[in-house]
Amino acid sequence: MGEVKLNLARKWRSKNFEEIIGQDLLIRMLKNGLYLQQFFPVYLFSGQRGCGKTTTARVFGAALNCDQLSMFQDQPQKNAVPCLSCVSCKAMEKGKHPDFIEIDAASHTGVDNVRMLIDSASLLPLLGRKKIYLIDEAHMLSKAAFNALLKILEEPPASVVFILATTDPQKIIETVRSRCFQLFFKPVETNTLQSRLRMVCEREEITYDDAGLATIVKRTEGSVRDALNLLEQIRFSSNSVTHEAVLRVLGYIDDQEMIALFRHVLRGSEQQLLLAISKMEWKKFSAQIMWSQMLELVRTALWLRYDVAPTEFVEYHDEIKEILRKCSVKQLTTFLQAMYDQELLFGKTTAKHDLLEMVLLQICQRMKKGDSDGGSSSAAMQVPAAIDLSDDEEAEDELDDAEDLEEEEEEEEDENSLACGWKKFVGAIEQLDEPLLNSIFVQGVVKKFDEQTGILEVEFSQEVSFFNAWLTETKSIWQPVLKKMFGESVTFTPLFTGAPLPKKKKVAVESSESKRVQPSFAKPPTLGERRPGASQANNRRSFGRQARGVYKPFAQELPIDISDKEVWAKTHMIMKHIPGTVKEIRG
């Protein structure tokens, strides 16, 4: 049988410490442990996918059982471990070492598997000095399996070393983590990973350019395995590894085409936007990736608007700045907000391309409307261009008026947003089933809210100042709602400086019970009278009300409209406990 050809990720897997890239500090720690002959019974390797956890564990296991380990300890500069030439190292290279046991925790999650591991750990190694157990994806073990491992992890046999590798260390129970020597693998840096890909391309005779390799590194987020796998995909789909080839394999639209879409949206040109979409046949590309690309492009434009150079779209910064000459910060933030508002729906829908098209058209219309109304700050920026420069004073007055108008509009927007936020807060308090709290807060008027200090000033009438202490006592009830509406740093400051409350007309609440026993007003009832079908107790209650003067014969009763809950807050609070109708009694 011929030799099986491996894919690039397996073929170029590091075989010694010198070949492992991007983890210099961790390699130094492991090599120092080998040199000093100080080995921990349990190691925990954690980090993102493809950054070298399993590879480092295998190299470290090979070094522990290498025949040249004693020579390395004597002269570390002249001797390297693993040597890759001794019997133990060759067995490790072929994956047939009897003392290196690799376990996939994703498929061996139960207690029975752990018990078998514990039983085998009591046996002495066959070929090397140490018996090494590599438990890959260790976070997949069940809680019962972790508990079964605790004792042997704390006091393993002298000839056993455990290595746990995981991408999610937080899922490993704390009692296990505390028994481990933890090493955190970071994503490989951009330049280091790009150099590695360049070396692989040269050895494999793959045609490439630096722009294509840079794109691979950027899209794989520091994962060496992902980068090599993506390189191999491009190798099989194109003659050369270029920027365009990488984008085509990943389903990305070319940056130039994305910038063209961005330009049409900011100009409010729906027709040009649809023509560009039709021309590029964008349903061939991934809608999710296009959504991310557009967000990234708008964020880049926002940074450039503030004269800060981001790391994205570096080659097109000048072109983006040219587009931004007629664009304001407000338009960019509106663009971002519109996309973020639809992000949840975008994640759920199956028609992602259609939704993205609709969102871009809606943003187009907003930009167009802003230009026609003159409400955007870009319109304000163009005011000096329309002014006759021959009359400097008149030009300055018009410019000042435009700026004052903008400031007034911003203040009105702030006041409206504050009033809206307070109204939502009062509505939320009403849902808490606290009538007295609701009746107090509904009378408040927001005077000022400082976003930097978080101080919220609310004015109440002087007549309710005695409720200040009670508001402090019930702070635990209403403060969480206030923080939800105005932010975690909000500080509530009540001001009892308002005008006295308007005097309300005296009303009598006619309960449903009294309505049932109310006699005819033609003749006042006496104590001895009894109505047909009514109990004597009802007659006594009716008489008691007559004696107190609640009902007056021949009095004029006028119904009162109490539908406005803000004006009749206390009345509504009473009506919750004593149902009935409200009338004005005129003698």
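Residues numbered from 1 in each chain as written. Predicted model: local features only at pLDDT ≥ 70, side-chain atom pairs only at ≥ 80, totals over all residues. Heavy atoms only, no water.

A. Fine view of the overall build of the protein. Scanning the protein from N- to C-terminus turns up 27 helices and eleven strands. Across the 587 residues in the protein, those meeting the buried criterion constitute 41%. In the protein, of all internal contacts separated by at least 6 residues, the share reaching a separation of at least 24 is 71%. Just so you have it, the protein exposes about 34,000 Å², and 51% of that area is on carbon and sulfur atoms. (Helix = DSSP H or I, 4+ residues; strand = E, 2+ residues; numbered from the N terminus. Buried < 20%, exposed > 50% of the residue type's maximum accessible area, 1.4 Å probe, protein only. Contact = heavy atoms within 4.5 Å. Areas by Shrake-Rupley, 256 points an atom, 1.4 Å probe, with all protein chains shown as cover.)

B. Examining the sheet that holds strand β2 (residues 100-104) more closely. Across the sheet, five strands lie side by side as β2-β3-β4-β1-β5; this open sheet has parallel pairing. Each having just a single partner strand, β2 and β5 (181-185) make up the two edges of the open sheet. Neighbouring strand axes in the sheet, compared pairwise and without regard to direction, differ in orientation by 15° on average. Sheet topology note: the strand β1 (residues 42-47)/strand β4 (residues 160-166) ladder contains five bridges and is parallel. By the bridge assignment for β4, Tyr43 is matched with Ile163. Its contacts with the sheet put helix α2 (residues 24-36) on β1 and β5, and the angle it makes with β5 is roughly 150°. Where helix α3 (residues 53-64) meets the sheet, it contacts β1, β2, β3 (131-136), β4 and β5, and its direction lies at approximately 155° from that of β1. (Pairing = 2+ DSSP bridges. Axes fitted to C-alpha atoms, helices over the stretch in contact; angles between N-to-C directions.)

C. Inspection of the pairing of strand β6 (residues 445-449) at higher detail. In this structure, β6 lies alongside strand β7 (residues 455-461), joined through four bridges in antiparallel fashion. Across the sheet, residue Lys448 finds its bridge partner in β7, namely Glu457. The turn joining β6 and β7, which pair antiparallel and follow one another in sequence, is formed by five residues; a positive phi near 80° is taken by Gly454.

D. Representation of the pairing of β3 within the structure. Counting buried positions along β3 yields six of six residues, so the element is predominantly enclosed. Residues Lys131, Tyr133 and Ile135 of β3 are buried on one face, and the alternating residues Ile132, Leu134 and Asp136, pointing to the opposite face, are buried as well. Relative to β3, β2 runs parallel, the two sharing five bridges. Bridged to Ile103 within β3 is Ile135. Traced from β2 through helix α6 (residues 111-121) to β3, the parallel crossover comes out right-handed. Relative to β4, β3 runs parallel, the two being bridged by six bridges. (Right-handed = clockwise from strand over helix to strand, strands pointing away.)

E. Main features of the confidence of the model for the protein. For the protein, mean pLDDT is 80; residues scoring 70 or higher make up 81% of the total. Contacts for the low-pLDDT stretch residues 374-393, under 50 throughout, to residues beyond four places or in other chains number 18 contacts. (pLDDT = per-residue confidence, 0-100.)

F. Inspection of the packing of aromatic side chains at higher detail. Using the criterion set out here, one finds 15 aromatic pairs in the structure. On the numbers, 6.0 Å between centres and 80° between planes, the contact of Phe40 with Tyr43 is edge-to-face. On the basis of an interplanar angle of 35° and a centroid distance of 5.8 Å, the ring pair of Phe262 and Phe335 is categorised as tilted. You can see Phe262 sitting in helix α13 (residues 255-267) and its partner Phe335 sitting in helix α17 (residues 329-341), a full 73 residues away along the chain. Phe335 carries the same exposure label as Phe262, and that label is buried. (Phe/Tyr/Trp six-rings, centres within 6.5 Å; stacked < 30°, edge-to-face > 60°.)

G. Local environment of the side chain of Asn16. One can find Asn16 in the loop between α1 (8-11) and α2. A distance of 3.2 Å separates a polar atom in the side chain of Asn16 from the backbone nitrogen of Glu18. Of the polar contacts made by the side chain of Asn16, one reaches the backbone nitrogen of Glu19; its length is 3.1 Å. Residue contacts for Asn16: discarding those within four places in its chain leaves Val59, Pro82 and Leu84. (Polar contact = N/O pair within 3.5 Å; in protein donor to acceptor, adjacent residues only side chain to side chain.)

H. Quick look at the sheet that holds β6. Across the sheet, three strands lie side by side as β6-β7-β8; this open sheet has mixed pairing. Whereas interior strands pair on both sides, the edge strands pair on one side only; in this sheet they are β6 and β8 (491-498). Taking each pair of neighbouring strands and ignoring which way they run, the sheet shows an average axis angle of 25°.

I. Seen up close, helix α5 (residues 87-94). Burial in α5 covers these residues: Ser88, Cys89, Ala91 and Met92. Looking straight down α5, one finds that the buried residues subtend no more than 160° of arc, so they occupy a single side. Facing away from the buried side of α5 by over 90 degrees, the exposed positions are Val87 and Lys94. Elements that come into contact with the buried residues of α5 comprise α3 and β2. Taken from the residues just after α5, Gly95 is the one with a positive phi, measuring 75°. (Arc of directions from axis to C-beta.)

J. Region of interest: the environment of Glu244. Following the sequence through the fold, Glu244 ends up in helix α12 (residues 243-250). For Glu244 and Thr215, which are 29 residues apart along the polypeptide, the C-alpha to C-alpha distance reads 9.4 Å.

K. Spotlight on a nonpolar patch on the surface. On the surface, a cluster of nonpolar side chains totalling about 320 Å² of accessible area is made up of Val87, Leu126 and Leu127. With respect to the element layout, Val87 can be found in helix α5. Taking relative accessible area as the criterion, Val87 reaches 57% and is therefore assigned exposed. (Patch = residues over 30% accessible without salt bridge, like charges linked within 9 Å, V, L, I, M, F, W, Y side chains within 5 Å. Salt bridge = Lys/Arg side-chain N within 4 Å of Asp/Glu carboxyl O.)

L. Just the pattern of salt bridges, in detail. Applying the stated criterion across every chain, the model contains 19 salt bridges. Across the pair Asp210 and Arg198 runs a salt bridge, and its minimum N-O distance is 3.6 Å. Note that Asp210 is positioned in helix α10 (residues 210-220) and Arg198 in helix α9 (residues 190-204), a separation of twelve residues in sequence. One connected set of salt bridges, linked through shared partners, spans Lys11, Glu204 and Arg235.

M. Region of interest: the environment of Lys130. Relative to the assigned elements, Lys130 resides in the loop between α6 and β3. The spatial distance from the C-alpha of Lys130 to the C-alpha of Pro157 is 9.9 Å, given a sequence separation of 27 residues. Residues contacting Lys130, with those up to four places away along its chain left out, are Phe39, Asn65, Asp99, Pro125, Ala158, Ser159 and Val161. Side-chain polar atoms of Lys130 contact the backbone oxygen of Ala158, separated by 2.8 Å.

N. Up close: α3. When the terminal C-alpha atoms of α3 are compared, their 17 Å separation across twelve residues agrees well with the 16 Å that a helix rising 1.5 Å per residue should span. Where burial is concerned, most of α3 is hidden: eleven out of the twelve residues are buried. (Expected span 1.5 Å × (residues − 1).)

O. Region of the structure containing the nonpolar core. Membership of the largest hydrophobic core comes to 43 residues, with the highest contact counts inside it found for Phe262, Trp282, Met294, Ile320, Phe335 and Met339. Where this core is concerned, the elements lending two or more residues are α13, α14 (270-280), α15 (287-305), α16 (317-324), α17 and α19 (352-373). Take this core: its biggest share by element is ten residues, from α15. Once residues within four sequence positions are removed from consideration, Trp282 is found in contact with Ile253, Ile277, Met290, His353, Leu356, Glu357 and Leu360. Counting residues in hydrophobic clusters, the runner-up holds 31 residues, among them Phe17, Ile27, Leu69 and Cys89. (Core = buried A, V, L, I, M, F, W, Y, C linked by side-chain atoms within 4.5 Å.)

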